[in-house]
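Observations on the model geometry
Okay, here's what each chain looks like letter by letter:
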Amino acid sequence: MKPQELGIGTLFYEIRDAVVVADTRTGKIALWNPAAEVILGYSRDEAIGMLVEELVPSDLKDRHRVGIARYAERGTGPLVERHRPVELPAVCKGGRVLDVEIAFAPIEKSPDGGRYVAAFIRDVSERTRLRNEAARALDHLKLILESTGEGLYGVDLDGNCTFINVAAADMIGYRSDEVVGANMHELIHHTREDGSAYPVEECPIYRSFKIGRGVHVDHEVMWRRDGIPFPVRYSAYPIIDQGVVSGAVVSMSDVTQRRRLEQSLRDANVRLSDAYSKEREVVEQLRGLDQLKNEFVAMVAHDLKSPMTVIGGIADMMTLRWDRLDDDRKQEFLSIISNSIHKLSDLVDDVLQIARIESNEFSYDIAPFDLAALARRTADEMSQDRVINVVAGGDLPFALADEQRVWQVVTNLLSNALKFSPADTVVEVEVGHDDDDVLRLSVRDHGQGIRPEEMSKLFQKFSRLSQTGATEAKGTGLGLYICKRMIEDQGGRIWAESELGEGSRFSFTLPVARGPSA
């Protein structure tokens, strides 16, 4: 029999898929195209007249026989009537089992009046392999998510939970299957800590996927199943698929213990302020406060290292599956991971630096250096597309301090000035000689200035001001405190002056070196 006799034509020889035509009356192969020889391994001479069931795995042979008999008798069958391909295993020559996609089509006319069926067979073993790899990668990702102590859950654009790990479910007192599909704001984020209603439109998580930007919140509460709130620190980042936001992923930590330590610190400070009249009691309380402080710093550092490890693990997994992700997804997730790691790492470095300073493990390499030259060099390094003017008095003496530590202070002050002032304004640095014993360096910006009631927060640990007009102005709240300790440890003084609407000036002094002038 020839293909033309069954109305198939020359396409039979040119198509890249295997085409196998079977006579349903005998169950034997009537036609076998060249692609079938390549995919299934049998030559045309070997295949013609062979039972079709030789291509069917043993566990499917009975179903095959029933199906082909039904079609021979009635001209109908479930696979023929599907009108779409079906994935099945096929047995090749030599017994090798191959994953294939088969589309069945009845042949309406035949020269002998018999019922024939054409099977169009495509090798999908590579697709199956990739799908299995993706499933294994997904299982690996799930294992990572379930292994971390950090609570993780995802929401769609309606705020309904799409996934939640065990740690997050345990925090809120639910099973994972009870949470998936539920509206997370209504379930755990409906009320503020003071008992007032929390409208979803004001929720940072809701805002993250509405504006397509990540958020980080340190001081809020979530609500457990039993109606009891617990303090949390959380981050929410939009899930962006091919440029379209599809929801958000939320990472949260129960900071109850941290709050207790913070409250313990506040209580200890109150007790210290009332105990100055008793020298021995003051000494003992200071020792207790110092120990409590060191525990707090160690706790914060350990707490922040955990999510960094998790993010690194996810990044490693993504690297192994890099070629499975489109460019937009790669850029989005890598950017989130990179930014998160850098921010957390900076905070850990600051906290550890404070611990070294306050435990007297911080050393200074005191030597004469040119403060004006340092100011110019730092301004050149940081100016980029901004204007930084440096003015220095003539015949200035050298400063006597640790040049590297002073550079760190100048960098911090300049960074704040650039961050809290409009891009079209000039930042000014002045180096002067107030008297024979000290040099002074001032950094002035033309930003919004600092509210009078917030001036007292400057140079305190973990303090952040409610600045307006700044872009990405939030930091760790530790920089100015570290600057203060470094300057004071080297015999200097640091202070700030500000006028709301006019800008701010930060200044510090350093001892003068007795020697040659700049």
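Every value quoted in this text rests on a predicted model; they were computed, and no experiment measured them.

Digging into the overall build of the chain
Looking only at helices and strands, the chain features 16 helices and 17 strands. Taking all 518 residues of the chain together, 43% fall into the buried category. Summarising the internal contacts of the chain: among those between residues at least 6 apart in sequence, 58% fall at separations of at least 24. Summed over its atoms, the accessible surface of the chain is roughly 27900 Å², and 50% of this surface lies on carbon and sulfur atoms.

Concerning the pairing of strand 4 (residues 97-107)
In terms of strand pairing, strand 3 (residues 86-91) meets strand 4 through 6 bridges, oriented antiparallel. Bridge pairing links Glu87 to Glu101 in strand 4. If you look at the hairpin formed by strand 3 and strand 4, you'll find 5 residues sitting between the two strands, and Gly94 has a positive phi there, around 90°. Looking at chain direction, strand 4 and strand 5 (residues 116-123) are connected through 8 bridges and run antiparallel. Residue pairing in the sheet places Ile102 in a bridge with Ile121 of strand 5.

Let's talk about the pairing of strand 6 (residues 151-156)
Here strand 6 lies mainly inside the structure; 5 of its 6 residues are buried. Of the strand pairs in this sheet, strand 6 and strand 10 (residues 244-254) are connected by 6 bridges, and their pairing is antiparallel. Residue pairing for strand 10: Asp156 is matched across the bridge by Gly247. Two elements, strand 6 and strand 7 (residues 161-164), share 3 bridges in a ladder whose sense is antiparallel. Bridge pairing in strand 7 links Tyr153 to Ile164.

Examining the environment of Lys28
Examined against the element boundaries, Lys28 turns out to sit in strand 2 (residues 28-32). It is 7.6 Å that separates the C-alpha atoms of Lys28 and Ile48, two residues lying 20 residues apart in sequence. Every residue in contact with Lys28, bar those within four places of it in the chain, is listed here: Val21, Ala22, Asp23, Gly49, Met50, Leu51 and Val52.

Observations regarding helix 15 (residues 403-419)
For helix 15, built from 17 residues, the straight-helix expectation of 24 Å at 1.5 Å per residue is met to within 8% by its first-to-last C-alpha distance of 24 Å. The N-cap residue of helix 15 is Asp402: its side-chain oxygen and the backbone nitrogen of Gln404 are 3.1 Å apart.

Description of the packing of aromatic side chains
Throughout the structure, instances matching the rule amount to 4 aromatic pairs. Both rings, one in Phe12 and one in Tyr13, keep their centres 5.2 Å apart while their planes meet at 90°; by these two values the pair is edge-to-face. By relative accessible area, which is 46% here, Tyr13 ends up partly exposed. Where Tyr206 meets Phe209, the ring centres are 5.6 Å apart and the plane angle is 65°; that geometry is what we call edge-to-face. With Tyr206 and Phe209 both in helix 10 (residues 204-211), this residue pair falls 3 residues apart, about one helical turn. A cation over an aromatic ring shows up here: Arg192 above the ring of Tyr198, its NZ or CZ 4.1 Å from the ring centre. The ring of Trp495 has Arg493 sitting right over it, with the charged end atom 3.9 Å from the ring centre.

Observations regarding the packing of helix 14 (residues 371-383) against helix 15
Running from N to C, helix 14 and helix 15 cross one another at 45°; their axes reach a closest spacing of 10 Å. Taken together, the axis directions place helix 14 and helix 15 in an arrangement best described as oblique. Relative to helix 15, the crossing made by helix 14 is right-handed. Contact residues: helix 14 offers Leu371, Leu374, Arg377, Thr378, Ala379, Glu381 and Met382, while helix 15 offers Glu403, Val406, Trp407, Val410, Thr411, Leu414, Ser415 and Leu418. Counted by class, the contact of helix 14 with helix 15 contains 9 nonpolar, 3 polar and 3 charged residues.

Conventions used here
Residues numbered from 1 in each chain as written. Predicted model: local features only at pLDDT ≥ 70, side-chain atom pairs only at ≥ 80, totals over all residues. Heavy atoms only, no water. Helix = DSSP H or I, 4+ residues; strand = E, 2+ residues; numbered from the N terminus. Buried < 20%, exposed > 50% of the residue type's maximum accessible area, 1.4 Å probe, protein only. Contact = heavy atoms within 4.5 Å. Areas by Shrake-Rupley, 256 points an atom, 1.4 Å probe, with all protein chains shown as cover. Pairing = 2+ DSSP bridges. Expected span 1.5 Å × (residues − 1). Polar contact = N/O pair within 3.5 Å; in protein donor to acceptor, adjacent residues only side chain to side chain. Phe/Tyr/Trp six-rings, centres within 6.5 Å; stacked < 30°, edge-to-face > 60°. Lys NZ or Arg CZ within 6 Å of the ring centre and 35° of its normal. Axes fitted to C-alpha atoms, helices over the stretch in contact; angles between N-to-C directions. Parallel < 35°, antiparallel > 145°, perpendicular 65-115°, else oblique. Left-handed = near helix turned anticlockwise from the far one by under 90°. Nonpolar A, V, L, I, M, F, W, Y, C, P; charged D, E, K, R; others polar.

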